[in-house]
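The primary structure of each chain is shown beneath.
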Amino acid sequence: MSTTFETMTLTEPEPGVALLTLNRPDRLNAISRTMIDEFHAVLDLLQEHPRARVLVLTGAGRGFCAGTDLKQIAASGDTRPGVEAGFDGQLKLSRIVSGLRRIPQPVIAAVNGVAAGGGLCFALAADVRVAAERARFIGSFINIGLSAGEIGSTYLLPRLIGVSRAAEILYTGREVGAAEADRIGLVSRVVPDGEAVGAALEIARTMLGKSAFGLRMTKEVLDLNVDAPSLEAALQLENRTQQLAVRTDAFVASVEAFALRRREA
């Protein structure tokens, strides 16, 4: 599954784990047009690749992702594209976030440095976030004359840390360090610099000990039930999914193994 693109690499460090590394370290892995295209190619590949059961997302060098490459935009002179072209580009960028939510693999973001702008949104779109001590999270859109509502930020961030905290961070565009991110629930854990990917792989190994179907359905149900209109609607989705799961080979094998242990006890 090892694939090298111009702006990222996709490897399989362990069976069942896909590691996607954004690879523009000289630009703190800022988002270029090529990166957007390649990100979509990777998401399409993962959608059709059942062998990869967990995705770890990180950045090369000192940064996770510094957001849109403003230097590239300035150099191109295309700072004011036409409405249609600009909107199409915006849609393509935003669909990376929805794509990360849509793929069957749980996504673990190993945030090794700055996650700003679109990079923040990539991290928010993950199911789990692990941060190195030097990690910083910045909703930088507001700092460059844009709305802070960008590629999922106003949907995802309030659901993680609450509306009031999200509003303060997005309105001010201030930096949130790793320790604060841990305290407010933005990340699951903080680890020493250089250990974010290792910590993410440790979590991935635990996930791989679960059934492939159970893991996939848990992501789907959790995603949908965050916005369920009622408890009853959430229960109905869980009921449907669980009745599918009890008919899988993995569940039957677990029950048989449990019964065998009881007989041998």
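Because the structure is a prediction, the values reported are computed rather than measured. (Residues numbered from 1 in each chain as written. Predicted model: local features only at pLDDT ≥ 70, side-chain atom pairs only at ≥ 80, totals over all residues. Heavy atoms only, no water.)

Participant: Before we go on, may I ask you to explain the sheet that holds strand S3 (residues 17–22) in this structure?
Facilitator: Whether parallel or antiparallel, the strands of a sheet pair through hydrogen bonds between backbone atoms. What the seven strands build is an open sheet, ordered S1-S2-S3-S4-S5-S7-S10; its pairing is mixed. Across the chains shown, the open sheet's two edge strands, defined by having one partner strand only, are strand S1 (3–4) and strand S10 (189–191). In terms of strand pairing, strand S7 (residues 128–132) meets S10 through three bridges, oriented parallel. Pairing of Ala 131 across the sheet is with Val 190, part of S10. Helix H8 (residues 196–208) contacts strand S2 (8–14), S3, strand S4 (54–59), strand S5 (107–111), S7 and S10 of the sheet and is inclined by roughly 165° relative to S5. (Pairing = 2+ DSSP bridges. Helix = DSSP H or I, 4+ residues; strand = E, 2+ residues; numbered from the N terminus. Contact = heavy atoms within 4.5 Å. Axes fitted to C-alpha atoms, helices over the stretch in contact; angles between N-to-C directions.)

Participant: So what exactly am I meant to see when it comes to the pattern of salt bridges here?
Facilitator: When the charged atoms of two side chains lie near each other, side chains of opposite charge can form a pair. Summed over all chains, the structure comprises 13 salt bridges. Ionic pairing is found between Lys 92 and Asp 37, a salt bridge with its closest N-O pair at 2.4 Å. In this pair, Lys 92 sits in helix H3 (residues 83–102) while Asp 37 sits in helix H1 (residues 33–47), placing the two residues 55 residues apart along the sequence. Close ionic contact of Arg 159 with Asp 227 constitutes a salt bridge, the shortest N to O distance being 2.8 Å. With a gap of 68 residues between them, Arg 159 in helix H5 (residues 153–161) and Asp 227 in the loop between helix H9 (212–225) and helix H10 (231–245) connect regions that are remote in the sequence. For Asp 227, a relative accessible area of 34% gives the class partly exposed. Overlapping salt bridges bring together Arg 101, Asp 127, Lys 219 and Asp 223 as one network. (Salt bridge = Lys/Arg side-chain N within 4 Å of Asp/Glu carboxyl O. Buried < 20%, exposed > 50% of the residue type's maximum accessible area, 1.4 Å probe, protein only.)

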